[in-house]
Amino acid sequence: MEQGQQQQSGGPKGCSSRDKKCRVHNQHKETYSAFIYKVLRLVHPDLGIFSKAMSIMNSFVNDVFEWLTREAAQLAQYTGQTILTSRKVQMAMPLLLPRELA
């Protein structure tokens, strides 16, 4: 290393690894696990769920939410609207889900 240069750590410039204000914190990831668990309690009060199964259910809910918003946004775009309304979301539901679930 040349004179006058400092070795850089993985963190932000000018921060040592022990500075509390410079530490990078893990971002909190929002999940639907609390809501999934509440619904499970309502439907089957005597059952539990493994963390891997909860992770799969959370991924499923995220996927359905993404599909639904994409379809509702396309419906809004077809009609020339720039705001996604509850009506567009309700119209998108039968297009994505089976009749029993929509």
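Structure's up top.
A quick note: this is a predicted structure, and the numbers were derived from the prediction, not measured. (Residues numbered from 1 in each chain as written. Predicted model: local features only at pLDDT ≥ 70, side-chain atom pairs only at ≥ 80, totals over all residues. Heavy atoms only, no water.)

This next bit is on the side chain of Asn58. In this structure, Asn58 sits in helix 2 (residues 51-78). Judged by its relative accessible area of 11%, Asn58 falls in the buried class. Residues in contact with Asn58, not counting those within four places in the same chain, are Thr31, Tyr32, Ser33 and Ile36. (Helix = DSSP H or I, 4+ residues; strand = E, 2+ residues; numbered from the N terminus. Buried < 20%, exposed > 50% of the residue type's maximum accessible area, 1.4 Å probe, protein only. Contact = heavy atoms within 4.5 Å.)

Looking now at the packing of helix 1 (residues 33-43) against helix 2. The N-to-C vectors of helix 1 and helix 2 enclose an angle of 105°; their axes lie 10 Å apart at closest approach. Classified by the angle their axes make, helix 1 and helix 2 are roughly perpendicular. Together, Ser33, Ile36 and Tyr37 of helix 1 and Met54, Met57, Asn58 and Val61 of helix 2 make up the contact between the two elements. Of the residues belonging to the contact of helix 1 with helix 2, the class tally is 5 nonpolar, 2 polar and no charged. (Axes fitted to C-alpha atoms, helices over the stretch in contact; angles between N-to-C directions. Parallel < 35°, antiparallel > 145°, perpendicular 65-115°, else oblique. Nonpolar A, V, L, I, M, F, W, Y, C, P; charged D, E, K, R; others polar.)

Attention now goes to the layout of surface pockets. The computed volume of the largest pocket comes to approximately 280 Å³. The set of elements that each furnish at least two residues to the lining of the largest pocket consists of helix 2 and helix 3 (86-96). If one sorts the elements of the lining of the largest pocket by residue count, helix 2 sits on top with 6 residues. (1 Å grid on protein atoms, 1.4 Å probe; cavity = no way out; pocket = protein on both sides within 12 Å on 5 of 7 lines; lining within 4 Å. Points joined across faces, edges and corners; volume = space filled by probe spheres on them.)

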